[in-house]
Amino acid sequence: MSNNAYDKLVQDFMAKIKAKNPGEVEFHQAVEEVAESLIPYIEENPQYKEAKILERIAEPERIILFRVPWVDDKGEVQINKGYRIEMNSAIGPYKGGLRFHPTVNLGILKFLAFEQVFKNSLTTLPMGGGKGGSDFDPKGKSDNEVMRFCQSFMTELSKHIGPNTDVPAGDIGVGGREIGFLFGQYKRLRNEFTGVLTGKGREWGGSLIRPEATGYGATYFAEEMLKTRGESIKGKTVAISGSGNVAQFATQKVTELGGKVVTLSDSSGYIYDPDGIDEEKLAYVMHLKNVKRGRIREYAEKYGVEYFEGKRPWSVKVDVAMPNATQNEINKEDAETLIKNGCYVVSEGANMPSTPEAVEVYLDKKILYGPGKAANAGGVAVSGLEMSQNSLRLSWTREEVDEKLQRIMKDIHAQCEKFGKEGDYINYVKGANIGGFVKVADAMLAQGIV
Ligand code: NDP
């Protein structure tokens, strides 16, 4: 079949997706990217076509939508929306994070849940895909307000999740504090101490390395990609966006491996520190963001470096870019600027941070490009390991978990290589999409039309 014929099949497929899911632009974007890789593969493997596997994967098994009422510190009643998308349970319980951010809507959560299905499959662990969250904004709220919100959110969510059904974790706006409040409320309502959430504190069922896992994993993935060219992170200059969980631990791992991180950002702007963000400066960032809940601008004031208000860090001259903030944060011009300035590795800690046009630029220029569903799978992988430890009622050492994480990231890289090899170039987009698809699709075939 010619490329034009495949394009037509993708367009027809997407026309149906758009008609069924109107206005959900991020969901359309995520499905289209996958459909472009999968439709040619499905044409060659008609068993998937006949069973309409792709059509079924693109339809959530269940969507739960609920009201989250709570009372703020002034005594005023507040109402937020709560969501859980239970996307696919073919290979295990639904698994995926909760996002608390004012931009959260159904389309964003469906895109994240859809990506999660493929990502979880790539980890080689038995986890289905899900995602959830709320349009609640934790920024500027007191700890008590966050607690009351989390308790109200979990009061409804607890009816739909469980250690063998659906196991949420953190995402943007949901860190250790929020997971603690959510877990406490679940335990109180159900009167059981169980592994219903991951990202828990160490003393109460959490896994070592879970907070670090996404940032470490994305760095290990960059290292694996570099290895294919006989290189490593050592000596490389790296631009990182975001300054939350993923960005912080990516900074730590890159520095540990001998690279130099020169940027960090938040939704207000970015800092450029040409000397590199070393261990001591990173400790300052962690305190600033996790305890003081301040802005990245304060880093520039403390260390006397430049701060760029309202800008993203993609015009800085670097070898490696790690977008670790949010979706669609690198557009076509950003991608072109990065490459023009010598960047040849992009490892995505965030989910879908590059627009489709930016991805086209990476593939066209044949740079080492690790898409989020492969590069940031370390987080959910260690969540899977946390579930195993909870079931076994024991905890593995830091070294054991880190060793398993490194092995999983290598396995994911190997799957991308297997399915994405195009001559001597590895198309990691194609590799991750097909690699993630096959296991889920075969499980769906085996389980019948459900
Ligand atoms: P955090 O909430 O800890 O940090 C998010 C960071 O991104 C903050 O610096 C935040 O800045 C910035 N940010 C958020 N929204 C925007 C926006 N619209 N524009 C610019 N900057 C923004 O979240 P995480 O670090 O956990 O998540 C970051 C990314 O990684 C997300 O895409 C998430 O889905 C993905 N991810 C996370 C995993 C995890 O284990 N936590 C696992 C896999 C993927 P500000 O403080 O100003 O909002």
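Fair warning: this is a prediction, and the values are worked out from it, not measured in the lab. Residue positions within a chain follow its written sequence, with the count starting from 1. Reporting in this predicted model follows two pLDDT cut-offs: at least 70 for local features of residues, and 80 or more for side-chain atom pairs to be given and counted; totals over whole chains, interfaces and linings ignore these cut-offs and use all residues. With hydrogens and water set aside, each side-chain value is computed from the structure's full complement of heavy atoms.

## Re the overall build of the protein chain
At step 1: For the purposes of this entry, the term helix denotes a DSSP run of H or I that reaches at least four residues, the term strand denotes a run of E that reaches at least two, and both are numbered from the N terminus. If you tally the helices and strands in the protein chain, you get 17 helices and 14 strands.
At step 2: Its C-alpha radius of gyration of 21 Å places the protein chain within 12% of the 22 Å reference for a compact globule of 450 residues.
At step 3: Projected onto the principal axes, the alpha-carbon positions of the protein chain cover approximately 65 × 50 × 40 Å.
At step 4: Think of it in three bands: with a 1.4 Å probe and only protein chains considered, a residue is buried below 20% of the maximum accessible area for its type, exposed above 50%, and partly exposed in between. Among the 450 residues that make up the protein chain, the fraction classed as buried is 58%.
At step 5: Contacts are residue-level and defined by heavy atoms, with any inter-residue pair within 4.5 Å sufficient. Within the protein chain, contacts between residues separated by at least 24 positions form 71% of all contacts whose residues are at least 6 apart in sequence.
At step 6: Summed over its atoms, the accessible surface of the protein chain is roughly 18400 Å², and 50% of this surface lies on carbon and sulfur atoms.
At step 7: Looking at charge distribution, the protein chain has the averaged site of its 58 positive side-chain charges lying 3 Å from that of its 62 negative ones. A radius of gyration in this sense is built from C-alpha atoms; the matching globule rule multiplies 2.2 Å by the number of residues raised to 0.38. Only the protein chains shown count as cover for residues, and all accessible areas are computed by the Shrake-Rupley method using a 1.4 Å probe. For the purpose of charge, His is not counted, nor are the chain termini; Lys and Arg are scored as positive and Asp and Glu as negative. Think of each charge as sitting on NZ of Lys, CZ of Arg, CG of Asp or CD of Glu.

## Observations regarding the environment of Ile 240
At step 1: The residue Ile 240 is located in strand β6 (residues 237–240) in this model.
At step 2: As for Ile 240 and Val 346, which are separated by 106 residues in sequence, their C-alpha atoms are 10 Å apart.
At step 3: The contact partners of Ile 240, leaving out residues within four places of it in the chain, are Ala 247, Ala 250, Thr 251, Val 261, Thr 263, Leu 264, Ser 265, Pro 313, Met 322 and Asn 324.

## Concerning the site of the ligand
At step 1: In the vicinity of the ligand, 24 residues are found, and the nearest of them are Asp 171, Thr 214, Ser 267, Arg 295 and Asn 351.
At step 2: A distance of 3.0 Å separates an oxygen atom of the ligand from a polar backbone atom of Gly 173.
At step 3: Asn 245 places a polar main-chain atom, nitrogen or oxygen, 2.9 Å from an oxygen atom of the ligand.
At step 4: About the coverage of the ligand: the protein hides 83% of its 890 Å² of free accessible area.
At step 5: Elements with a contribution of two residues or more to the shell around the ligand: α8 (210–227), α9 (245–256) and β7 (260–266).
At step 6: In this count, Pro and Cys sit with the nonpolar residues alongside Ala, Val, Leu, Ile, Met, Phe, Trp and Tyr, while Asp, Glu, Lys and Arg are called charged and the others, Gly among them, polar. Split by residue class, the shell around the ligand holds 4 nonpolar, 14 polar and 6 charged.
At step 7: The split of the chain into domains comes from an automatic or database domain assignment. Both domains that furnish three or more residues to the shell around the ligand are identified here as domain 2 (62–194) and domain 3 (213–375). If even one non-hydrogen atom of a residue comes within 4 Å of a molecule or strand, that residue is called near it. Polar contact is the term for a pair of N or O atoms within 3.5 Å; when the atoms are in protein, one must be able to donate a hydrogen and the other to accept it, and sequence-neighboring residues count only if both atoms are side-chain atoms.

## Overview of the pattern of salt bridges
Side chains bearing opposite charge may pair, as long as their charged atoms lie close to each other.
At step 1: Counted as salt bridges are all cases of a side-chain nitrogen of Lys or Arg within 4 Å of a carboxyl oxygen of Asp or Glu. Considering all chains together, one arrives at 27 salt bridges under this definition.
At step 2: Close ionic contact of Lys 373 with Glu 33 constitutes a salt bridge, the shortest N to O distance being 3.3 Å. One end of the pair, Lys 373, is in helix α14 (residues 372–375); the other, Glu 33, is in helix α2 (residues 25–44), and 340 residues separate them in sequence. In this pair, the class of Lys 373 matches that of Glu 33, namely buried.
At step 3: Notably, a salt bridge pairs Glu 231 with Lys 236, separated by 3.3 Å at the nearest N-O pair.
At step 4: Judged by relative accessible area, Glu 231 falls into the partly exposed class, the value being 28%.

## Here we look at the packing of α8 against α9
At step 1: Where α8 meets α9, the closest approach of the two axes is 7 Å, and the angle between their N-to-C directions is 50°. With respect to each other, α8 and α9 are oriented oblique. The interaxial crossing formed by α8 with α9 has right-handed handedness. Of the residues in α9, those in contact with Pro 211, Glu 212, Thr 214, Gly 215, Tyr 216, Thr 219 and Tyr 220 of α8 are Asn 245, Val 246, Phe 249, Ala 250, Gln 252, Lys 253, Val 254 and Glu 256.
At step 2: Partitioned by chemical class, the residues of the contact of α8 with α9 number 7 nonpolar, 5 polar and 3 charged. For every element, the axis is a line fit to its C-alpha atoms; helices are fit only across the contacting stretch, and the angle between N-to-C directions ranges from 0 to 180 degrees. Orientation categories follow fixed angle ranges, with anything under 35 degrees roughly parallel, anything over 145 roughly antiparallel, 65 to 115 roughly perpendicular, and all other angles oblique. When the near helix sits turned anticlockwise from the far one by under a right angle, the crossing is termed left-handed; a clockwise turn instead gives a right-handed crossing.

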